[in-house]
Structures are given as structure tokens and as C-alpha cells.
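# Architecture at a glance
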Amino acid sequence: MARHSVPRSLRRPAARRALIALASAGAALAAGASAAHAETAAPLVDVPPLRSADIGDINPQSGVNALATSVGYATGTIAGLKPNPLAGTGTDPLNNGIGTTIADFKPLNTLALTAPIAQAPSFGAVPVVGQALGLLTPKG
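Predicted, not measured: the structure shown is a model, and the values here were computed from it. Position numbers for residues count from 1 along each chain, tracking the sequence in the order it is written. Under the rules for a predicted model, residues below a pLDDT of 70 receive no local features and side-chain atom pairs below 80 are neither given nor counted, while totals for whole chains, interfaces and linings still include all residues. The side-chain numbers reported here are obtained from all heavy atoms of the structure, hydrogens and water having been left aside.

### A short note on the overall build of the protein
Let me state the cut-off plainly: Helix and strand assignments follow DSSP, with helices taken as H or I runs no shorter than four residues and strands as E runs no shorter than two, numbered in order from the N terminus. Whether a residue is buried, partly exposed or exposed follows from its accessible area with a 1.4 Å probe, protein chains only, as a fraction of its type maximum: under 20%, in between, or over 50%, in that order. Between two residues, a contact is recorded if the distance between any of their heavy atoms is within 4.5 Å. Each accessible area is a Shrake-Rupley result for a 1.4 Å probe, and residues are judged covered by the shown protein chains and nothing else.
Looking only at helices and strands, one finds five helices and two strands in the protein. Reading the helices (α) and strands (β) of the protein from amino to carboxyl end gives α-α-α-β-β-α-α. Here the protein holds 140 residues, and the buried ones make up 11% of them. For the protein, restricting intrachain contacts to residue pairs at least 6 apart in sequence, the fraction spanning at least 24 positions comes to 49%. Total accessible area on the protein stands at roughly 11,500 Å², and carbon and sulfur atoms take up 67% of it.

This is the structure:
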């Protein structure tokens, strides 16, 4: 904004400083009031004291089983999802590729890398990802 187009009331630095000081004082007052209110407020919920657990009370095998089962069910649903929802459309970003030929070597193309993902019907069909998800899904 050009200097001549600034309203006259904002050209005065003393008025601007006074407004900044007033806003800062108001913010400090509000912060102090909220802190004082927080100290005097009663707790919303009474939480019973926690008891310490002995290592004899914990069964590590049940925790591992629960974790393996829940991870398996989560990855099972992921394995059925389509990795490229835009496959077969005109706006498929993985259907683009570039290639080059260097000297008399075999031509290199990026479609060899993107084709398994672009054309896979599910994550379970992607070569490495499908094998990893197969290890995590529950059998039976």
C-alpha cells in the first residue's frame, strides 16, 4: 500500500503504539484471569488412584496375540483396496512414462516400475507389497 493512500489515523505512530499497548494489556489480563480460574476450578472427573502392576499380573503372550490379530485384520482390509483408483481413466498419473536409449544398450523405461502398481486390481496383487501383507494377515 502506498504511503499516500494510508488513512490519516494510521499515519500517527503514537496512536498505533497506544493501540498495541492496549491490546497487549488486554491479552495479559485475559491470560491471567483464565489461569486464576483454572486453579480454583474443581476437577471434572474423580479418577481413582492407579495401582501398580506386578510383572506376575501381566501375560505378555496375550498382548502379542492381540497385537498380531488386530494388525492382521487391519492389513487384510488394506490388501483388498485398489492401489490406483484412477487406473483406466484419462487422468491416470501412473500411466505416464519416460524412456531413453543410451548408446547401443537396451532402452530404459519408467513404465516397468509403475505398471505393477498402475494395473494391479488390489494391494495384495502388487508383487512385494502383496507378499508382505500376506505375512501379516491371519490364516484361517
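Having seen the model, we can carry on.
### A word on the environment of Leu135
Here Leu135 lies in helix H5 (residues 127-136). The sequence separation of Leu135 and Gly72 amounts to 63 residues, and the corresponding C-alpha distance is 8.6 Å.

### Regarding a nonpolar patch on the surface
This is how it is decided: A patch consists of residues whose relative accessible area exceeds 30% and which take part in no salt bridge; residues with like charges are grouped when within 9 Å of each other, and nonpolar side chains (Val, Leu, Ile, Met, Phe, Trp, Tyr) when within 5 Å. For this analysis, a salt bridge means a side-chain nitrogen from Lys or Arg found within 4 Å of a carboxyl oxygen belonging to Asp or Glu.
On the surface, Leu67, Val71, Leu135 and Leu136 cluster together into a nonpolar patch covering about 400 Å² of accessible area. Of all the secondary-structure elements, those providing two or more residues to the nonpolar patch are helix H3 (60-79) and H5. Judged by relative accessible area, Leu136 falls into the partly exposed class, the value being 42%.

### With respect to the environment of Ala87
Turning to its location among the elements, Ala87 is positioned in the loop between H3 and strand S1 (99-100). Using a relative accessible area of 23% as the deciding quantity, one classes Ala87 as partly exposed. Along the chain, Ala87 and Pro121 lie 34 residues apart, while their C-alpha atoms are 9.2 Å from each other.

### Observations regarding unusual backbone geometry
The phi torsion at Ala103 lies on the positive side, around 55 degrees, for a residue other than glycine. Positionally, Ala103 belongs in the loop between S1 and strand S2 (108-109). For Ala103, a relative accessible area of 64% corresponds to the exposed category.

### Re the side chain of Asn84
For Asn84, the location among the structural elements is in the loop between H3 and S1. Ignoring sequence-local partners within four residues, the contact set of Asn84 consists of Asp92, Leu94, Ile117 and Ala118.

### Thoughts on the confidence of the model for the protein
Under the convention used in this document: Confidence scores per residue from the predictor, reported as pLDDT, run from 0 to 100.
Scored by pLDDT, the protein has a mean of 74; 73% of the residues are at 70 or more. Within the protein, the element-level pLDDT minimum falls on helix H1 (residues 8-11), averaging 60, and the maximum on S1, averaging 88.

### Some words on the side chain of Ser122
In this structure, Ser122 sits in the loop between helix H4 (111-118) and H5. Those residues in contact with Ser122 that lie beyond four places of it in its chain are Ala79, Gly80, Leu81, Lys82 and Pro83.

### Let's talk about the environment of Ala125
Its location among the elements puts Ala125 in the loop between H4 and H5. As for Ala125 and Ala79, which are separated by 46 residues in sequence, their C-alpha atoms are 8.1 Å apart.

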